[in-house]
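# Summary of the model geometry
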Amino acid sequence: MTLPFSFQVFDHPISRAFQNRFSTQYRCYSVSMLAGPNDRSDVEKGGKIIMPPSALDHLSRLNITYPMLFKLTNKNSDRMTHCGVLEFVADEGICYLPHWMMQNLLLEEGGLVQVESVNLMVATYSKFQPQSPDFLDITNPKAVLENALRNFACLTTGDVIAINYNEKIYELRVMETKPDKAVSIIECDMNVRSQTTPECELMKTTSLTQAFTGSGNRLDGKTKGIEPSPAPLDPSDIKRGIPNYDFKIGRITFIRNSKPQPKKFDDAVNKFIAFSGEGQSLRKKGRKP
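Residues numbered from 1 in each chain as written. Predicted model: local features only at pLDDT ≥ 70, side-chain atom pairs only at ≥ 80, totals over all residues. Heavy atoms only, no water.

## Quick look at the side chain of Ser30
Structurally, Ser30 is set in strand β1 (residues 23-30). For Ser30, a relative accessible area of 4% translates into the label buried. Reaching out from Ser30, the side chain makes a polar contact with the side chain of Glu109 at a distance of 2.7 Å. (Helix = DSSP H or I, 4+ residues; strand = E, 2+ residues; numbered from the N terminus. Buried < 20%, exposed > 50% of the residue type's maximum accessible area, 1.4 Å probe, protein only. Polar contact = N/O pair within 3.5 Å; in protein donor to acceptor, adjacent residues only side chain to side chain.)

## Remarks on the sheet that holds strand β12 (residues 182-184)
Judged by pairing direction, the sheet is mixed, and its three strands sit side by side in the order β7-β12-β9 without closing on themselves. Strands at the two margins of the open sheet, each flanked by one partner only, are β7 (121-122) and β9 (154-156). For β7 and β12, the ladder comprises two bridges, and the chain directions are parallel. Bridging across to β12, Val122 finds its partner in Ser184. (Pairing = 2+ DSSP bridges.)

## Quick notes on the environment of Leu69
Positionally, Leu69 belongs in strand β3 (residues 69-74). Judged by its relative accessible area of 5%, Leu69 falls in the buried class. Here the alpha-carbon distance between Leu69 and Val118, two residues 49 residues apart in the chain, equals 5.7 Å. The residues contacting Leu69, other than those within four sequence positions of it, are Cys83, Gly84, Glu116, Ser117, Val118, Leu120, Ala153, Cys154, Ser184 and Ile186. (Contact = heavy atoms within 4.5 Å.)

## Side note on the packing of aromatic side chains
The geometry of an aromatic ring pair comes down to the distance between the two centres and the angle between the two planes. Overall, the coordinates contain three aromatic pairs when judged by the stated rule. Pairing Trp100 with Phe152 gives two aromatic rings, centres 5.8 Å apart and planes at 35°, and the pair type is tilted. Residue Trp100 is located in helix α3 (residues 99-105), and its partner Phe152 is located in the loop between α4 (141-148) and β9; the two are separated by 52 residues in the primary sequence. Taking the centre distance of 5.7 Å and the plane angle of 70° together, the rings of Phe135 and Tyr170 count as edge-to-face. Note that Phe135 is positioned in the loop between β8 (125-130) and α4 and Tyr170 in strand β11 (residues 168-178), a separation of 35 residues in sequence. On the basis of relative accessibility, which here comes to 2%, the residue Phe135 falls in the buried class. (Phe/Tyr/Trp six-rings, centres within 6.5 Å; stacked < 30°, edge-to-face > 60°.)

## So, the pattern of salt bridges
The final tally for this structure, using the stated rule, is five salt bridges. For Arg61, the salt bridge identified is with Asp57, shortest N-O distance 2.6 Å. A relative accessible area of 42% means that Asp57 is categorised as partly exposed. In this structure, the salt-bridge partner of Lys168 is Asp134, at a minimum N-O distance of 3.4 Å. Of this pair, Lys168 sits in strand β11 while Asp134 sits in the loop between β8 and α4, and the two are 34 residues apart along the sequence. What emerges from the salt-bridge pattern is a single network uniting Lys127, Glu176 and Lys178. (Salt bridge = Lys/Arg side-chain N within 4 Å of Asp/Glu carboxyl O.)

Written out as structure tokens, the structure is:
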């Protein structure tokens, strides 16, 4: 005798969330290892990676949100960061990362990285700390930073990102992000703040000081003849020349700084007559030729 029975399948929310999650491992390499005739230096200028075509095929079957954002984890060092995707042209089983991202994850060429799809909150605030005082030499560092962040999809607190400006690499540490430690910066209105390091503040202070100030030291230890540095001149102490209000176009006037000497009148000088002296003869007087 056969007893009828039936199965009841429960659609649990956790199972649906797990099915919509992308999670896999790849061998990661820097962009310089990417084969091909085209120069992909643009990948180094941002925070996006290159994944294989199979990842796009898998992601297209999942009900994920756009833009695609991923969490990268190095399980050996327990380091993680977040990124976007630029293209799906890598070889199967391989993904290509910017060099600064591999440094944050402590990954070597060919190391394993866990890639998971995530949803991040939109950023409202971020604070950065330049790792070198050279960044302050830029005319408008905030504008340069905001323009460089257009190549990034998300930010993670604690990461040291790298931006390229005038063929020079500048590193900045992400000190803080709001409203979460990892945020999306795609199509967002974010307040960017740059925090200078103590070294940077020292460089800014010393650049305003006067050179060669202070007193000198003698080799014999004596202090005789050593005088303090002269006080700086006040602009009011410098006297400017008086313009020539009688200047006429086409005439050059030379003005002497020295005062003209007063003329001394002498009677002998006034009575001077040219060629008034006595002449000399080559022949001696009284001798006949």
